[in-house]
Amino acid sequence: MVGSFTVGDAVTVNVNGVTYNTTVQTGGSWSVTVPGSGLSADADSTINVTVNVTGVGPISTNHSYVIDVTAPNPAGAVLNVNAVTADNVLNAAESGGNVTLTGTLIEYP
Ligand SMILES: [Ca+2]
């Protein structure tokens, strides 16, 4: 049984002092949904995971991550609006139909 695991083995995930429970799935994967607010509030930005492996006992690991909740700074963005019609002059014919407006947004930080 060395190196194997059992589907259904208990997995506990600790985020910001709150324990979330799930189980090992086929193939050894696991997943659990946690609130983003808990992840951002976690003091050490580290997830602590323990699997209670059948016949082995608990094995644990930690996974740290980066928090960047600062909104992008629009000051560096360049927003451009292209000419309205080919010559930027709306003539009588064009005023009677649809006009496609175009532009570009570049370097949004
Ligand atoms: Ca933590």
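Not measured: the values here are computed from a predicted model. (Residues numbered from 1 in each chain as written. Predicted model: local features only at pLDDT ≥ 70, side-chain atom pairs only at ≥ 80, totals over all residues.)

Participant: Got a sec to walk through the overall build of the chain? Specific residues and values, please.
Facilitator: When you go through the chain residue by residue, the secondary structure sums to 2 helices and 6 strands. When the elements of the chain are put in sequence order from the N terminus, they spell out β-β-α-β-β-β-α-β. A principal-axis box enclosing the C-alpha atoms of the chain has dimensions of 85 × 30 × 20 Å. Of all 109 residues assigned to the chain, the portion counted as buried reaches 5%. Expressed as a percentage of contacts within the chain between residues at least 6 apart in sequence, the contacts between residues at least 24 apart total 37%. (Helix = DSSP H or I, 4+ residues; strand = E, 2+ residues; numbered from the N terminus. Buried ≥ 20, exposed ≤ 12 C-beta atoms within 10 Å, placed from the backbone. Contact = placed C-beta atoms within 7 Å.)

Participant: Explain the domain arrangement of the chain to me, and be specific about the residues and the numbers.
Facilitator: Here the chain is partitioned into domain 1 (10–64) and domain 2 (71–109). Each of domain 1 and domain 2 has a C-alpha centre, and the two are 48 Å apart. (Domains from an automatic or database assignment.)

Participant: Lay out the sheet that holds strand β4 (residues 57–64) with the relevant residues and their values.
Facilitator: Spatially, 4 strands are ordered β2-β1-β3-β4 in an open sheet, and the strand pairing comes out antiparallel. Each having just a single partner strand, β2 (18–23) and β4 make up the two edges of the open sheet. Ignoring strand direction, the axes of neighbouring strands in this sheet form an average angle of 20°. (Pairing = 2+ DSSP bridges. Axes fitted to C-alpha atoms, helices over the stretch in contact; angles between N-to-C directions.)

Participant: Pulling in residues and values, what's your account of unusual backbone geometry?
Facilitator: The backbone phi angle of asparagine 16 is positive, close to 55°, even though this residue is not glycine. With respect to the helices and strands, asparagine 16 occurs in the loop between β1 (10–15) and β2. For threonine 85, which is not a glycine, the phi torsion comes out positive at approximately 60°. Locating threonine 85 in the fold gives a position in the loop between β5 (78–81) and α2 (92–95). Exposure remark for threonine 85: the 15 C-beta atoms within 10 Å place this residue in the partly exposed category.

Participant: Lay out the environment of serine 4 with the relevant residues and their values.
Facilitator: When you line up the elements, serine 4 lands in the segment before β1. For the pair serine 4 and glycine 55, spaced 51 residues apart in the sequence, the C-alpha separation amounts to 9.9 Å.

Participant: Give me the lowdown on the pairing of β2, citing residues and values where you can.
Facilitator: Little of β2 is tucked away, with 0 of its 6 residues classed as buried. In this structure, the hairpin formed by β1 and β2 is closed by a connection of 2 residues, where asparagine 16 is found at a positive phi of approximately 55°.

Participant: Which residues make up the environment of serine 37, and what values do they have?
Facilitator: Note on placement: serine 37 falls in helix α1 (residues 36–41). Looking at serine 37, the number of C-beta atoms within 10 Å reads 10, which means it is exposed. Taking C-alpha positions, serine 37 is 10 Å from valine 15, a pair spaced 22 residues apart along the chain.

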